[in-house]
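Results of the structural survey
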Amino acid sequence: MELILEKINHSYGDMPVLTDISLSVGSGEIVCVVGPSGCGKSTLLRIIGGLERPTSGEVLMSGEPPADSLNPLTYVFQDFALLPWRTVEGNVRLVLEDHRIGRERVGAVVDDVLARTKLTEFAAAYPRQLSGGMKQRVAIARALSVNPAVMLMDEPLSALDSQTRDLLMDDLIELWTQVRFSACYITHNLAEAVRLGHRIVVMSRRPGRIRDIVEIDIPLSERPGFPTETAAIQRRLWEMMRDEARAADRELSDVA
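Where an unreviewed UniProt entry is consulted, the chain appears under the name NitT/TauT family transport system ATP-binding protein, with the organism given as Hoeflea marina. UniProt lists a comment for the chain under the heading Sequence similarities (unreviewed entry), and it reads "Belongs to the ABC transporter superfamily."

In structure tokens, the structure reads:
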């Protein structure tokens, strides 16, 4: 299933935020979106997820969702969004409770995603007992449990320390290798984008436009073995963004 954005424009009152955004996320593809602060990255993700209606343009889906998909789109948030009174298993189970599927299937799905995210032994733990990295694994397990066509990931690793972020990136790549999920992945971290993205969309400062789309041909699992090449891509991205990032840093903005 392919996610397609056609000529998305968006404004808050008289303030233009996004201009002429046309983009696709193909089946099994991770598309990372980077850009200066305030360029509208998170706004774009909210429009894709239906949380905001664009001023103009369309969000379309082409093709069939994965077999047994319960939600075509699902979010993974920066702040984990876990219910503190529910266990790890209970937080994952939550998104399945409104679907008309049997208890046996629910149990099988929960067991499967906990195993894939290495959380089985923590199923009875509560969020307060978990590290930040473990909490984000729970959020990822919850998203995977509905077998979405596209995961919408809004800076999911930005609240974590650098070591935990590296471990989670490895985990995400291992999960993608097992089941080729699709994702639109918002990040301000260029190293993260280069590690995880098949394509990297570079946005301009507000109003956000697509400046460039950088494709990376190195397979995800092999990128640690190509440090010179990945470093060069990261430098290229920063050279595109540096001046606008400096200008955006001096602006006052209420726009994500």
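Some words on the overall build of the chain
Secondary structure summary: the chain contains 7 helices and 9 strands in total. Relative to the 2.2 N^0.38 estimate, which gives 18 Å for 256 residues, the radius of gyration of the chain is 18 Å and therefore close to what a compact globule would have. Summarising its shape, the C-alpha atoms of the chain cover approximately 50 × 40 × 35 Å along the three principal directions. Expressed as a percentage of its 256 residues, the buried residues of the chain come to 50%. Contacts spanning at least 24 positions in sequence make up 74% of the contacts within the chain whose residues lie at least 6 apart. Averaged over its 29 positive side-chain charges, the chain has a centre that lies 3 Å from the centre of its 36 negative ones.

Brief notes about helix α1 (residues 41–48)
Across the 8 residues of α1, 7 count as buried, placing the element largely inside the fold. Buried within α1 we find K41, S42, T43, L44, L45, I47 and I48. Of the residues flanking the end of α1, it is G50, one or two places downstream, whose phi is positive at about 85 degrees.

Quick word on the domain arrangement of the chain
In terms of domains, the chain is made up of domain 1 (1–65 + 153–255) and domain 2 (84–147). For domain 1 and domain 2, the distance between their C-alpha centroids amounts to 26 Å. With 13 residues of domain 1 at the contact, the number on the domain 2 side is 9 residues. Taking both partners together, domain 1 and domain 2 bury about 890 Å²; carbon and sulfur atoms supply 64% of that area. Interface area lost by domain 1 to domain 2 is led by L168, D171 and L175, which between them contribute 43%.

What about the sheet that holds strand β8 (residues 199–203)?
Taking strand neighbours across the sheet as the criterion, the 6 strands line up as β5-β6-β7-β3-β8-β9 in an open arrangement whose pairing is mixed. Of all the strands in the sheet, the pair left with one neighbour each is β5 (73–76) and β9 (210–215). When the angles between neighbouring strand axes are averaged without regard to direction, this sheet yields 20 degrees. Most of the contacts of helix α4 (residues 132–145) go to β5, to which it runs at about 175 degrees, and overall it touches β5 and β6 (150–154).

Some thoughts on the packing of helix α3 (residues 103–116) against α4
Close contact between α3 and α4 brings their axes to 9 Å; oriented N to C, the two are set at 135 degrees. By the angle between their directions, the pair α3 and α4 is classed as oblique. The crossing of α3 and α4 is right-handed. Residues V109, V113 and R116 of α3 form the contact with α4, whose participating residues are A141, L144 and S145. Residues that form the contact of α3 with α4 fall into these classes: 4 nonpolar, 1 polar and 1 charged.

Some words on unusual backbone geometry
Going from R206 to P207, the amide bond is cis rather than trans, its omega being -5 degrees. As for its placement among the helices and strands, P207 is situated in the loop between β8 and β9. The phi torsion at K118 lies on the positive side, around 60 degrees, for a residue other than glycine. Assignment of secondary structure puts K118 in the loop between α3 and α4. For N147, which is not glycine, the phi dihedral falls at a positive 50 degrees.

Rules used in this analysis
- Residues numbered from 1 in each chain as written.
- Predicted model: local features only at pLDDT ≥ 70, side-chain atom pairs only at ≥ 80, totals over all residues.
- Heavy atoms only, no water.
- UniProt positions renumbered as here; feature names shortened; annotations may be inferred.
- Helix = DSSP H or I, 4+ residues; strand = E, 2+ residues; numbered from the N terminus.
- Rg over C-alpha atoms; globule rule 2.2 N^0.38 Å.
- Buried < 20%, exposed > 50% of the residue type's maximum accessible area, 1.4 Å probe, protein only.
- Contact = heavy atoms within 4.5 Å.
- Lys, Arg positive; Asp, Glu negative; His and termini not counted.
- Charge placed at Lys NZ, Arg CZ, Asp CG, Glu CD.
- Domains from an automatic or database assignment.
- Buried area = accessible area lost by both parts, 1.4 Å probe.
- Pairing = 2+ DSSP bridges.
- Axes fitted to C-alpha atoms, helices over the stretch in contact; angles between N-to-C directions.
- Parallel < 35°, antiparallel > 145°, perpendicular 65-115°, else oblique.
- Left-handed = near helix turned anticlockwise from the far one by under 90°.
- Nonpolar A, V, L, I, M, F, W, Y, C, P; charged D, E, K, R; others polar.

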